[in-house]
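# Structural overview for review
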Amino acid sequence: TVTTGRIFTAGQAKDLKLVDEIGFLDDAIARAVKLAGGDEKSMRCVKYEEPPGALKMILGADAPVQPAGAKLDLAAVLDLTAPRAYYLCTWLPAVLSTGR
């Protein structure tokens, strides 16, 4: 039953021992701190956010509400989509060949 790809409710997941406890994000953070053996005042939880990509900028997905009259900066969108050439340089081969 567990490996069929079904979606379980929280209660079903706990009955099947797929989860230890049912709770909210704060409960999970508190449990992680306790398992790490730390103090809640000396630890912190950091939420990382994905930087917007070109498609999100064009479609306006996850965009903050802009004031009236604000326009989409097409130059910024084009800058994100333009291919870039990267060049890696090392002097190591030149140093090794002249060091004889």
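Rules used throughout
Residues numbered from 1 in each chain as written. Predicted model: local features only at pLDDT ≥ 70, side-chain atom pairs only at ≥ 80, totals over all residues. Heavy atoms only, no water. Helix = DSSP H or I, 4+ residues; strand = E, 2+ residues; numbered from the N terminus. Buried < 20%, exposed > 50% of the residue type's maximum accessible area, 1.4 Å probe, protein only. Contact = heavy atoms within 4.5 Å. Areas by Shrake-Rupley, 256 points an atom, 1.4 Å probe, with all protein chains shown as cover. pLDDT = per-residue confidence, 0-100. Salt bridge = Lys/Arg side-chain N within 4 Å of Asp/Glu carboxyl O. 1 Å grid on protein atoms, 1.4 Å probe; cavity = no way out; pocket = protein on both sides within 12 Å on 5 of 7 lines; lining within 4 Å. Points joined across faces, edges and corners; volume = space filled by probe spheres on them. Nonpolar A, V, L, I, M, F, W, Y, C, P; charged D, E, K, R; others polar.

### Details of the overall build of the protein
In terms of regular secondary structure, the protein is built from five helices and zero strands. Traced from its N-terminal end to its C-terminal end, the protein shows the element sequence α-α-α-α-α. In the protein, which comprises 100 residues, the proportion classed as buried is 5%. Of all intrachain contacts in the protein linking residues separated by at least 6 positions in sequence, the fraction that spans at least 24 positions is 10%. Total accessible area on the protein is roughly 9700 Å²; 60% of this is exposed by carbon and sulfur atoms.

### Observations regarding the confidence of the model for the protein
In the predicted model, the protein carries a mean pLDDT of 77, and the fraction of residues at 70 or more is 68%. Averaged pLDDT values for the elements of the protein fall to 62 in helix α5 (residues 92–98) and rise to 93 in helix α1 (residues 10–15).

### Looking at the pattern of salt bridges
All chains considered together, the criterion is met by one salt bridge. A salt bridge links Lys-14 to Glu-21, with the nearest nitrogen and oxygen atoms 3.8 Å apart. By relative accessible area, Glu-21 is classed as exposed at 60%.

### Some words on the layout of surface pockets
Counted as a void, the second largest pocket has a volume near 220 Å³. Asp-20, Glu-21, Ile-22, Gly-23, Phe-24, Leu-25, Asp-27, Ala-28, Arg-31, Ala-32 and Leu-35 together form the lining of the second largest pocket. A breakdown of the residues in the lining of the second largest pocket according to their chemical character gives six nonpolar, one polar and four charged.

### Quick word on the environment of Ala-30
Looking at where Ala-30 falls in the secondary structure, it is placed in helix α2 (residues 25–36). The partly exposed category is assigned to Ala-30, whose relative accessible area is 28%.

### Describing unusual backbone geometry
With a phi close to 60 degrees, Lys-17 is a non-glycine residue in the positive phi region. The exposed category is assigned to Lys-17, whose relative accessible area is 72%.

### With respect to the environment of Lys-56
Mapped onto the elements, Lys-56 comes out in helix α3 (residues 54–59). When the C-alpha positions of Lys-56 and Val-77 are compared, they lie 9.6 Å apart, and in sequence the two are 21 residues distant.

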